[in-house]
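Understanding the architecture of this molecule
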Amino acid sequence: MHYLDVYIQSVRIKNRVRLQPLADQNIPLLFVSASRKSRLQWPVGTIFKADLVLVKKEKIKNFYRLRKGQKLERAIEYFDHNLQLQQNDSSKLEQT
């Protein structure tokens, strides 16, 4: 099953950065599979927009993955939110 233009957010759960859809989008709230490098490229809390594919496998929980060939990109609709996160993240780096 495919879901188009889904907003997903990076969150920290048990010391790991994970991706999950924002609530109120009429889709199950499952984790989104993406490379560790792409998840850690942006501050926690960054909102992205992506096309997702539901993956169902035996013996593991269902999850989403990005549509084939798609890269994780920030949502322009949440520009101010994402910019604020980046500014806070860079100010922390300057203080250390």
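Bear in mind that the values here come from a model prediction, so they are computed numbers and not experimental data.

Here we take up the environment of Ile8. One can find Ile8 in strand S1 (residues 2-13). Placed 67 residues apart in sequence, Ile8 and Ala75 show a C-alpha to C-alpha distance of 8.9 Å. When neighbours within four sequence positions are excluded, Ile8 is seen to be in contact with Leu19, Gln20, Pro21, Leu22, Val32, Thr46, Ile47, Phe48, Ala50, Leu52 and Leu72.

Fine structural detail should not be taken from predicted coordinates in areas where pLDDT scores are low. Chain-level pLDDT for the protein chain is 87 on average; 92% of the residues reach the 70-or-more range. At the low end of the mean pLDDT range in the protein chain sits helix H2 (residues 79-95), at 72; at the high end sits strand S4 (residues 47-55), at 94.

Moving on to the nonpolar core. As a rule of thumb, soluble globular proteins bury nonpolar side chains together. One finds Tyr3, Ile8, Leu19, Val32, Leu52 and Tyr64 to be the most contacted residues of the largest nonpolar core, which totals 15 residues. If you list the elements that add at least two residues to this core, you get S1, S4 and strand S5 (63-66). Element by element, the count of residues in this core is highest for S4, at four residues.

Conventions adopted
Residues numbered from 1 in each chain as written. Predicted model: local features only at pLDDT ≥ 70, side-chain atom pairs only at ≥ 80, totals over all residues. Heavy atoms only, no water. Helix = DSSP H or I, 4+ residues; strand = E, 2+ residues; numbered from the N terminus. Contact = heavy atoms within 4.5 Å. pLDDT = per-residue confidence, 0-100. Core = buried A, V, L, I, M, F, W, Y, C linked by side-chain atoms within 4.5 Å. Buried < 20%, exposed > 50% of the residue type's maximum accessible area, 1.4 Å probe, protein only.

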